[in-house]
Amino acid sequence: MPHRTIHLFRKGLRLHDNPTLLAALESSEVVYPVYILDRKFLTSVMHIGDLRWHFLLQSLEDLQKNLCQLGSCLLVIQGEYESVLRDHIQKWNITQVTLDAEMEPFYKEMEANIRRLGEELGFEVLSLVGHSLYDTKRILDLNGGTPPLTYKRFLHILSLLGDPEVPVRNLTAEDFQRCRPPDPGLAECYRVPLPVDLKISLESLSPWRGGETEGLQRLEQHLTDQGWVASFTKPRTIPNSLLPSTTGLSPYFSMGCLSVRTFFYRLSNIYAQAKHHSLPPVSLQGQLLWREFFYTVASATPNFTKMAGNPICLQINWCEDAERLHKWKTAQTGFPWIDAIMTQLRQEGWIHHLARHAVACFLTRGDLWISWEEGMKVFEELLLDADYSINAGNWMWLSASAFFHQYTRIFCPVRFGRRTDPEGQYIRKYLPILKNFPSKYIYEPWTASEEEQKQAGCIIGQDYPFPMVNHKEASDHNLQLMKQVREEQYRTAQLTR
Ligand code: FAD
């Protein structure tokens, strides 16, 4: 008997390489494509900020348009997950719910609740992996039931596993014609809300536009430059270029507007035609494997997004200092390089990987000695690509709490940015108050004389703050603390080495 199915979009907001939706269409007489807009869940569990709200609504709008072109539609139902499902399962005589399998504890819990509801109300649940290259369970099994804790070990396990599964075919109008779409009246009733409907500020609009269509366009644009793709070497990309020097695809992967498997195989095709190509960890495929690495470790590490109770994370007595944290978050540290990055993050929701390094190191082991969890929460709110596993994994890395061990290397908030942008164009763009300083002062305007500050139209301490710390003193002090922590917790420090 063919099913009457609700396909529940959570991430996976796309019609290419969507194995779960394909399975729904192949097994059903009617498919209701549904997105449950559970505001409480999105704000209090996912902590999504205004920029990501816009990106999400744009992605839903795009999905709606694309589904419509194939003869179906998207139903965006507002309300609490379980009660929405309970109502509509009965109303529409649903016999199956399909959804992508996700690895975050809150999504796992949601799936477990849906399965319980299925037992109670008598519907089946089908979930397939679509958000990562591999089913992380297979990696854990091959590694003896635990996650490989170094990238090297991880690559070794992948070499035993072989390539990821190839993407499934793109969905077509024929796929949708095989079963009935929802009644047209429903689409009208459950349309994608506008930001004003949800009282989301219209001031915060990122230049990044959400959706599968935009994501695929950006992907194609990058892939046309095959030389760039083949020679991509992450550490050589520039953190302060005015346009992203890496792909800038992370927001699209994060919401599942783009399939990582599609990207992986498109890269493989380019590599196959190139005489030489870069390799992991620095190649583009290597970047996707970092993503996979953090997904795998996060899937099997208790309290992965916390320090307490997290077995791979050093236990550090970080300072609690709301005022200093606020200065960092609101771009008032007095270090133009750090403040420009935090401004780009607040205005646009995306910053380069090395720029993330700079601000994360500054907040934690470099200058302020504030917990990585605080920084992670700020990123979670402000990043378009905020991701449970990758965010926490990288924050542990940057704070040298796990994964990273060259802790004596501390980024200088003056010299780091200057290396790749000596004129400070990036700072001039994001901190226009400093734009008239001569280049020799742009990274340390407090060293300009009073006269020079007047000429630049910006008095330090009045129009722009003095540096909030003496970097040399703070970083020397923190280095000693870190050394001590690592000696005392030697065994934990070795786990991810
Ligand atoms: P590219 O270099 O073009 O790489 C392609 C893809 O590979 C990315 O889109 C991303 O999916 C993946 N990738 C790249 N670098 C990493 C990495 N270091 N770890 C895991 N996956 C990677 N990335 C997120 O997607 N979400 C986050 O919440 C996030 N938080 C971060 C927090 C900190 C403190 C740091 C240092 C990094 C964080 N990153 C995060 C990782 C990385 O900075 C971004 O993935 C990358 O900058 C996105 O830009 P891109 O798409 O141009 O990357």
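- Per an unreviewed UniProt entry, the protein chain carries the name Cryptochrome-1 and comes from Spheniscus mendiculus.
- The Sequence similarities (unreviewed entry) comment attached to the protein chain in UniProt states, word for word, "Belongs to the DNA photolyase class-1 family."

**What to know about the overall build of the protein chain**
Thinking step 1. Broken down by element type, the protein chain carries 24 helices and 5 strands.
Thinking step 2. In summary, the protein chain has a C-alpha radius of gyration of 24 Å against a globular reference of 23 Å for 497 residues, a match within 12%.
Thinking step 3. In terms of its C-alpha atoms, the protein chain occupies a principal-axis envelope of roughly 80 × 50 × 50 Å.
Thinking step 4. Out of the 497 residues belonging to the protein chain, those deemed buried represent 59%.
Thinking step 5. For the protein chain, restricting intrachain contacts to residue pairs at least 6 apart in sequence, the fraction spanning at least 24 positions comes to 77%.
Thinking step 6. With an accessible surface of roughly 21,600 Å², the protein chain has 52% of that area assigned to carbon and sulfur atoms.

**With respect to the site of the ligand**
Thinking step 1. The environment of the ligand is made up of 29 residues, and the closest members are Thr246, Thr247, Gly248, His353 and Asp385.
Thinking step 2. With respect to the ligand, the side chain of Thr246 contributes an N or O atom lying 2.6 Å from an oxygen atom.
Thinking step 3. Arg356 is positioned such that a nitrogen or oxygen atom in its side chain is 3.3 Å from an oxygen atom of the ligand.
Thinking step 4. For the ligand, the protein covers 99% of the area, taking 830 Å² as the surface of the free molecule.
Thinking step 5. In terms of residues, the shell around the ligand owes the most to one element, helix 14 (residues 284–299), which gives 6 residues.
Thinking step 6. Looking at side-chain class alone, the shell around the ligand contains 15 nonpolar, 9 polar and 5 charged residues.

**Focus on the nonpolar core**
Thinking step 1. Within the largest apolar cluster, 165 residues are counted, with the highest numbers of intra-cluster contacts made by Tyr35, Trp92 and Trp328.
Thinking step 2. Among the elements that line this core, the one with the most residues is helix 14, at 9 residues.
Thinking step 3. Dropping the residues within four chain positions of it, Trp328 is found in contact with Thr333, Ile338, Met342, Val359, Phe362, Leu363, Leu368, Gly375, Val378, Phe379 and Trp395.

**A closer look at the pairing of strand 5 (residues 124–129)**
Thinking step 1. Sheet analysis places strand 4 (residues 96–101) next to strand 5, joined by 6 bridges and oriented parallel. In the strand pairing of strand 5, Leu99 is matched with Ser127.
Thinking step 2. In this fold, the crossover linking strand 4 to strand 5 by way of helix 5 (residues 105–121) has right-handed handedness.

**Details of the pattern of salt bridges**
Thinking step 1. Per the stated rule, a full pass over the model turns up 20 salt bridges.
Thinking step 2. One network of salt bridges, in which partners are shared, links Glu26, Arg169, Asp175 and Arg178.

**Examining the UniProt feature "site: Electron transfer via tryptophanyl radical" (unreviewed entry) in the protein chain**
Thinking step 1. The residues that UniProt annotates with the feature "site: Electron transfer via tryptophanyl radical" (unreviewed entry) are Trp318, Trp372 and Trp395. Across 78 residues of sequence, these annotated residues stay compact in space, with a maximum C-alpha separation of 13.9 Å.
Thinking step 2. The residues touching Trp372, leaving out its near neighbours within four places in the chain, are Phe304, Thr305, Lys306, Met307, Cys313, Trp318, Thr364, Ala392, Trp395, Met396, Ser399 and Ser401.
Thinking step 3. The topology assignment puts Trp395 in helix 19 (residues 388–398).
Thinking step 4. Filtering out sequence-adjacent residues up to four positions away, Trp395 remains in contact with Trp328, Ala360, Leu363, Thr364, Trp372, Gly375, Met376 and Phe379.

**Quick notes on the UniProt feature "domain: Photolyase/cryptochrome alpha/beta" (unreviewed entry) in the protein chain**
Thinking step 1. Within the UniProt annotation, "domain: Photolyase/cryptochrome alpha/beta" (unreviewed entry) is assigned to residues 3–133.
Thinking step 2. Note that residues 3–133 is 48% helix and 25% strand, and that its end C-alpha atoms are spaced 28 Å apart.

**Some words on helix 4 (residues 81–91)**
Thinking step 1. The complete set of buried residues in helix 4 reads Tyr81, Val84, Leu85, His88 and Ile89. The buried residues of helix 4 occupy an angular sector of 120° when the element is viewed end-on, so they sit on one face. The exposed residues of helix 4 that point more than 90 degrees off its buried face are Gln90 and Lys91.
Thinking step 2. On its buried face, helix 4 is in contact with strand 1 (3–9), strand 2 (28–37), helix 2 (39–45), strand 3 (75–78), strand 4 and helix 5.
Thinking step 3. Positive backbone phi, approximately 50°, marks Asn93, located one or two places after helix 4.

**What to know about the pairing of strand 2**
Thinking step 1. Of all 10 residues making up strand 2, 9 are buried, and the element is well covered by its neighbours.
Thinking step 2. Inspection of the sheet shows strand 1 paired to strand 2 by 7 bridges, in the parallel sense. Bridge assignment links Thr5 to a residue of strand 2, and that residue is Val31.
Thinking step 3. Handedness of the β-α-β unit built from strand 1, helix 1 (residues 19–26) and strand 2 comes out right-handed.

**Points about the packing of aromatic side chains**
Thinking step 1. Counted by the stated rule, this structure contains 31 aromatic pairs.
Thinking step 2. Pairing Tyr32 with Trp92 gives two aromatic rings, centres 4.0 Å apart and planes at 5°, and the pair type is stacked. Of this pair, Tyr32 sits in strand 2 while Trp92 sits in the loop between helix 4 and strand 4; the two residues are 60 residues apart in sequence, bridging distant segments of the chain. With respect to class, Tyr32 is no different from Trp92; both count as buried.
Thinking step 3. Summarising the aromatic geometry, the rings of Phe41 and Tyr81 are spaced 5.8 Å apart at their centres and angled 75° between planes, so their arrangement reads as edge-to-face. Taken together, the positions of Phe41 in helix 2 and Tyr81 in helix 4 put the pair 40 residues apart, joining distant regions of the chain.
Thinking step 4. With a relative accessible area of 12%, Phe41 lands in the buried category.
Thinking step 5. The class of Tyr81 is buried, set by a relative accessible area of 9%.
Thinking step 6. By the ring-pair criterion, three or more aromatic residues cluster together here, those being Tyr151, Phe154, Trp290, Phe293, Phe294, Trp397, Phe403 and Phe404.

**Topic: the sheet that holds strand 3**
Thinking step 1. Strands sit in the order 3-2-1-4-5 across an open sheet of 5 strands; the sheet is parallel. Of all strands in the sheet, those with a lone pairing partner are strand 3 and strand 5, marking the two edges. Each strand axis lies, on average, 30° off the axis of its neighbour in the sheet, ignoring direction.
Thinking step 2. As paired elements, strand 1 and strand 4 share 4 bridges and run parallel to each other. Of the residues in strand 4, the one forming a bridge with His7 is Thr98.

Cut-offs applied
Residues numbered from 1 in each chain as written. Predicted model: local features only at pLDDT ≥ 70, side-chain atom pairs only at ≥ 80, totals over all residues. Heavy atoms only, no water. UniProt positions renumbered as here; feature names shortened; annotations may be inferred. Helix = DSSP H or I, 4+ residues; strand = E, 2+ residues; numbered from the N terminus. Rg over C-alpha atoms; globule rule 2.2 N^0.38 Å. Buried < 20%, exposed > 50% of the residue type's maximum accessible area, 1.4 Å probe, protein only. Contact = heavy atoms within 4.5 Å. Areas by Shrake-Rupley, 256 points an atom, 1.4 Å probe, with all protein chains shown as cover. Near = heavy atom within 4 Å. Polar contact = N/O pair within 3.5 Å; in protein donor to acceptor, adjacent residues only side chain to side chain. Nonpolar A, V, L, I, M, F, W, Y, C, P; charged D, E, K, R; others polar. Core = buried A, V, L, I, M, F, W, Y, C linked by side-chain atoms within 4.5 Å. Pairing = 2+ DSSP bridges. Right-handed = clockwise from strand over helix to strand, strands pointing away. Salt bridge = Lys/Arg side-chain N within 4 Å of Asp/Glu carboxyl O. Arc of directions from axis to C-beta. Phe/Tyr/Trp six-rings, centres within 6.5 Å; stacked < 30°, edge-to-face > 60°. Axes fitted to C-alpha atoms, helices over the stretch in contact; angles between N-to-C directions.

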